[in-house]
Every structure is written in C-alpha cells, then in structure tokens.
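Architecture at a glance
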Amino acid sequence: MEMLSFELVWLARPIEECLSGEGFIEAHEAELRIDGPTPVTYAVWLGHCADDEQWYGLQEMLDEILSDEGWTIEDVDGFAINDSPVKTGIQPGWQRGIIPWATFQKQTARIAAQATEQGPPPAFDQVRALEQRPTTWELGWQPVGWVGPSDEEARLMYATLVHDAAGHIRATTLHEGTPPDAETLDELVRRAAAQPSAPTTPIRPSTLYLADQAMANALADRMGALAIRVEARPTPRVQDALAQLTEHLSPDGPPPFLSDVADDTIQTFFDAAASFYSAAPWRRFEGHKYLGAQFDDGPWHYVNVMGQEEEAPGLAFFDDWLQLCRFHNNQPSFMQDMLSELFGEPLSLSSLEAAGAAEAMTLDTLTVLHPIDAARVLELGIEPLDDDLYALPYRYDAEEGLVAPHLSLTAYRALMEAILIALDRRRATPVTSIKTTLELDGHTVSLRYPADGTERPVEAPAGVRLVIEGRDHDPDPTALPDGLSLHVDAAGDAVFEDVARALRSYDEDFEYVGVGTGDAVLWDDRGRRKAPCPRMTDLTACDDLWVEFLFAAFPAFVKPLKQPPDGIQIELVET
C-alpha cells in the first residue's frame, strides 16, 4: 500500500523529509480529534508536508494522550484533523513500512494472543528442504511488560523476535515468567523460516546472530542440523524492535537504570536495604526534619527518613536545598485540605509540581521497575523483604513521569549504612543531633541533622540586594504602592527568614511575609513554623521572583553587591 494513501501517519521517530521524498516537513499546530468511547479533541503540534498534504504525528504523543484518557489502542475508532476525518496509517518501530490503523490494532491484539494461537512448529525436514540464501538473521529476547491480575501477582512477559536483514520481523512469541530456553528458540527460528508472519518468502538463512554467547553455544548443534551457522554478535535490529515493543506495551514505565550496574553493586544495595528496614531507623527521627548528606566533596543533598506517620517507610531524597524548599513549603495546610474537600477545587500547585521532581526509596513490587531491571533482580536471586515487596529507588518527574533515579545504588547504600552507624552512636530517641563524617569503602559520607541549609558552602555573591517593586493597590490592598520599591541589602548567606523578621520590624503592615517563584512558594511565615528556608543567594537562581506581604504579592529581583552590608539594611526608594 502506498504511503500517500494515508493522510495521517503516526511515526516512531521524528523525520525531516516527507516519506514520499517529495517535500519537507514543517511543524503546524492543529486540532486532533480522536474518536473513541467519547470523542476528544487536543490542540497539538503535527508535522505537515504541504507538497503532499501529508500529516505526521509521533507515537509517543499519541501514547500520552491515550494514557491520559485511560484508553488502549483497541479503543480508537479513527482520527480527524481540524474537523476533517483522515485516513490513518502507522509505522511501528518493529514493523517495516506503513500499515493501516485497523491492521495495527489487529497486530497488537495478535501479539498478545500469539503464544496460545500457534500450532506445532515446522519439522526439521520441512525447514531443511527450504532454499538457503546467504543472509543473516538476528535472534533476541527481553522482558517487555507485566501480566497478571494485580501488581502483587504480576509476572514478567518476555518477547522473542527473529529479525531478517530486509527489515522484517519474521517470527514473534510471548511467554510469561522466565526467559526462553534453547528449545523455544529453536522452534521460533524454524517458524521464521517455514512460516514467517511477515509478508516474505519462506527461506533458510546462512547465519544466525545472538547477543548471548551461552545461548549461541546451546543452539549451535540444533541450527547446525539445518546448515545454519550460529554466532554471538550484537543484534541491533532486534534490540531496537524490542525497545519499541516494550514502549508500546509499557508506555508509562520508567527507563532501565541497572543495565550498567555490576551484579555485586546491586546485591550489596539490597543487602544494605535489608539491614536498614530491619533496624527501622525512622522510629528515631522526627518526620518534619531533614538530614543533610554529602558524598565525598560533592554537593549537599537532603533526605527525609520516612515512616513516622502514615507514609511508607524509607527515604525521600532531594537534589538540593532549594528543591526541598519548594517541596516542603507547598504542602497543603490543614485549612487548604479542608477547603479543597468542601468545595471540590484542586489545589493550585502540588508539592511535587513545585519541586519539579521527587525521589524516594520505599517498599514496592518489582512492577515499578522497567521489565529489564526487574528481570535482573530476579536473575540475581534477591529475595523480597515483605511478601512481594522490595526496597526500590525510583524518581518521579512532574513533566516526564517516572525517570531513572539520580542517586546511584552505591550512594544509597552508603547513605543507609551511614545513618545506621550514626544512630548506633546515639542514645536519644528521637535523636536530637547528628554531625559526623564517616569513611565507607574508600568514600566519605557527611551527615548533618537537623539540616537547615547553612551546612552548604556560601556561594557568590557575598552580598545581595533584594528589590521589591511596588504595584497598583487595586484590586488587593497593599502596603507598597506603585512608584515605590524596597531595597533590602543582606549578606548572601542570610536566610530569608531573617529578612522577613527585619521587614516586619521595619513596617508593621508587613505582618506576614513570604517569598516564591512563579506559582511555587519558597517560604512563608503564616504558620510561624520552622521550615526549610532559602538563603538570599539561592534567590538569584529563581525566575519570576515575588515577595508577599499579607495576601498581596509584589514582583522582585535580586542583584549582587560588591560588598556585603553590615546586617540587613532596608530602604524605601522612589522609582
């Protein structure tokens, strides 16, 4: 079927030129209607070739829309662009050429059912009688998703593919629980030769590539009986197809992050986690306080030892102090929770959205891992800590969803061991103070508790001026009208809490003071609480800065001073 018979083509990867080779693609904003259980319309950016009147969209965007709607591929009846229905094709990463959307739906359903639909494999004599051509096929497999009624009972689903040099997937099989054995692979190669699922000719290849040396050895005699040579070589076509299939079957999962981690590093991490959970250190920390942690000479990170209240026990990890300020100071108050419950209105910004990302290590099933990572854990024989629950690190990005953790397994292990050592040296419960530096496996781990952000080295500039600009009092009453601005000079390492105290002393109308950036609060003193508070130099990294007096927010900015002032100095200036 010619490409131009489709008016919209979904692509696995971006392209610059129209697939017909007749024109270039430019980005255009368009209204995309998806006809499903209830038709929905999204304003999206699509590629458009004016020469061929051809539209292109990325499957990643489509997957996100379907995920938001809670739909599957099978739920989609058709598409329209700018209210005009379009004939739609798709070029899956594991499929050569463009196929109609309806065909893609059938293929997707067939992949899931293929393992049970297949009859007995072709006999050796039948395969040996086929024409042999001087071509090479690739054979590979990997876990591509989860199957089961619940996370606790889910099992890994493995896909195995035979890919030929012409770009065809000649045979596919799905099986649950364990990787394929030599017999399964032998049968799949015979199917690929005599009963290819792709529109291609039954043949025998001269060579078969596998990435796994041990399995190549195990298949050598079986394939030798068919005069097919087996070699342990990289299989890029198969790996790319498997990656695309995994993305299709598990679109919302995290990326794999254990691929380059040594077996003993993974094992020692889980051993340390078992000791950590057995000791239950959260019983000795206060839930509203944070632990500063520094690895060697790196930056300071901040950690909450969770488990004192209703949250799952483990570690919450923050990249830096400002991220912690954003997360902590945007947690809804009791009053906000009550108003949201009464009026059914969502909060303007969640603590996760304010922080941008959050990372944690908690007990969960292996389904929170990429299937490849989960298979690695199972292959190493690592036992769960409680039923099917493992101590697992994960990271959630407010924009990208689940992503790879920033903190390495080695750093997590060192952190857990350092916490237990530090607690063992102290008797108080809850522990009142930790200030220690430990040597662990050739690395240093420094801990400070409770952390207040001042353990970080002072960053330039040594002094700053916070300029708070007045604005028109309407519609909110303000104490700083348009035409005036406040200049607040302070040392770079001064915390904003001290600035707020100085502002209240300067003018009694500044009873409540807060600071924020964009929609996120960085600190406020409405609750007279002791919360993570930024330094003045931290504010230099913030766009759309504002300072709040009572309930009115004023635009602000920070500029450096050549010399830090003596204390905090405030001046009202006409602008």
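The structure we're discussing is the one just above.
Residues numbered from 1 in each chain as written. Predicted model: local features only at pLDDT ≥ 70, side-chain atom pairs only at ≥ 80, totals over all residues. Heavy atoms only, no water.

**Looking at unusual backbone geometry**
- Here T429 and P430 are connected by a cis peptide whose omega angle stands at 0 degrees.
- By the element assignment, P430 lies in the loop between α12 (409-424) and β20 (434-440).
- That bond from Y449 to P450 is cis: its omega, -10 degrees, falls within 30 degrees of zero.
- Following the sequence through the fold, P450 ends up in the loop between β21 (443-449) and β22 (463-469).
- Of note in this structure, A227 is not a glycine but carries a positive phi near 60 degrees.
- Along the chain, A227 falls in the loop between α5 (213-224) and β13 (229-232).
- On the accessibility criterion, A227 (46% relative accessible area) is partly exposed.
- Phi angles above zero are rare outside glycine, and D296 is one such case at about 50 degrees. (Helix = DSSP H or I, 4+ residues; strand = E, 2+ residues; numbered from the N terminus. Buried < 20%, exposed > 50% of the residue type's maximum accessible area, 1.4 Å probe, protein only.)

**So, the sheet that holds strand β14 (residues 291-295)**
- Taken together, the 8 strands give an open sheet; going across it, the order is β19-β18-β17-β16-β15-β14-β21-β20, and neighbouring strands pair in antiparallel fashion. Of all strands in the sheet, those bounded by a partner on one side alone are β19 (401-403) and β20. Taken over all neighbouring pairs, the strand axes of this sheet differ in orientation by 30 degrees on average, direction set aside.
- In terms of strand pairing, strand β18 (residues 390-397) meets β19 through 3 bridges, oriented antiparallel. In the strand pairing of β19, R395 is matched with V403. (Pairing = 2+ DSSP bridges. Axes fitted to C-alpha atoms, helices over the stretch in contact; angles between N-to-C directions.)

**A word on the packing of aromatic side chains**
- Applying the stated rule across the entire model yields 17 aromatic pairs.
- Positioned over the ring face of F554 is R471, at 5.3 Å from the centre of the ring. (Phe/Tyr/Trp six-rings, centres within 6.5 Å; stacked < 30°, edge-to-face > 60°. Lys NZ or Arg CZ within 6 Å of the ring centre and 35° of its normal.)

**Side note on the pairing of β18**
- When you tally the buried positions in β18, you get 6 out of 8 residues, the bulk of the element.
- Hairpin connection from β18 to β19: 3 residues lie between these consecutive antiparallel strands.

**Considerations on helix α8 (residues 321-328)**
- Most of α8 is tucked away: 6 of the 8 residues are buried.
- All of the buried residues along α8 are W321, L322, Q323, L324, C325 and H328.
- In this fold, the buried residues of α8 make contact with β15 (300-306), β16 (314-318), α10 (351-355), β17 (357-364), β18 and β25 (520-524).
- You can read the cap of α8 off the contacts: a side-chain oxygen lies 3.3 Å from the backbone nitrogen of L322, and it is on D320. (Contact = heavy atoms within 4.5 Å. Polar contact = N/O pair within 3.5 Å; in protein donor to acceptor, adjacent residues only side chain to side chain.)

**A few points about a negative patch on the surface**
- Taken together, the side chains of E60, E64, D68, E247 and D252 define an acidic patch exposed on the protein surface.
- Among the elements that take part in the negative patch, helix α1 (residues 59-69) stands out by supplying 3 residues, more than any other.
- With respect to the helices and strands, the residue E64 is situated in helix α1.
- A residue is classified by how much of its surface remains accessible, and E64, at 44% relative accessible area, is partly exposed. (Patch = residues over 30% accessible without salt bridge, like charges linked within 9 Å, V, L, I, M, F, W, Y side chains within 5 Å. Areas by Shrake-Rupley, 256 points an atom, 1.4 Å probe, with all protein chains shown as cover. Salt bridge = Lys/Arg side-chain N within 4 Å of Asp/Glu carboxyl O. Lys, Arg positive; Asp, Glu negative; His and termini not counted. Charge placed at Lys NZ, Arg CZ, Asp CG, Glu CD.)

**A few points about the nonpolar core**
- Ranked by internal contacts, the top residues of the largest apolar core, which has 49 residues, are L315, M361, L415, I419 and L447.
- Per-element accounting of this core gives the leading share, 10 residues, to α12.
- With sequence-adjacent residues up to four places away left out, I419 is seen in contact with F276, P281, F285, L291, V305, L315 and L447.
- Judged by nonpolar contacts, the second largest core, of 30 residues, contains L480, V499, M536 and L545. (Core = buried A, V, L, I, M, F, W, Y, C linked by side-chain atoms within 4.5 Å.)

**Thoughts on the packing of helix α4 (residues 182-194) against α5**
- Where α4 meets α5, the axes come as close as 10 Å, and the angle between the chain directions of the two elements is 50 degrees. Taken as axis vectors, α4 and α5 run oblique relative to one another. Pair α4 / α5 crosses with right-handed handedness. Residues A182, E183, L185, D186 and V189 of α4 lie in contact with α5, whose contacting residues are M215, A218, L219, R222 and M223.
- Classifying every residue of the contact of α4 with α5 by side-chain character gives 7 nonpolar, no polar and 3 charged. (Parallel < 35°, antiparallel > 145°, perpendicular 65-115°, else oblique. Left-handed = near helix turned anticlockwise from the far one by under 90°. Nonpolar A, V, L, I, M, F, W, Y, C, P; charged D, E, K, R; others polar.)

**Brief notes about the state of the cysteines**
- If you walk through the whole model with that rule in mind, you get 0 disulfides.
- With no disulfide of its own, C18 has C49 as its nearest cysteine by sulfur position, at a separation of 3.7 Å.
- For C18, a relative accessible area of 4% puts it in the buried group.
- Sulfur of C533: no disulfide; nearest cysteine sulfur belongs to C325 and is 6.5 Å away. (Disulfide = S-S within 2.5 Å.)

**A word on the pattern of salt bridges**
- For the coordinates displayed, the defined rule picks out 21 salt bridges.
- Ionic pairing is found between R376 and D263, a salt bridge with its closest N-O pair at 2.7 Å. Of the two residues, R376 sits in helix α11 (residues 371-379) while D263 sits in helix α7 (residues 263-279), which places them 113 residues apart along the sequence.
- With relative accessibility at 18%, the residue R376 sits in the buried group.
- Across the pair R504 and D525 runs a salt bridge whose closest N-O atoms are separated by 2.1 Å. Here D525 lies in the loop between β25 and β26 (545-549) and R504 lies in helix α13 (residues 496-506), a separation of 21 residues in the sequence.

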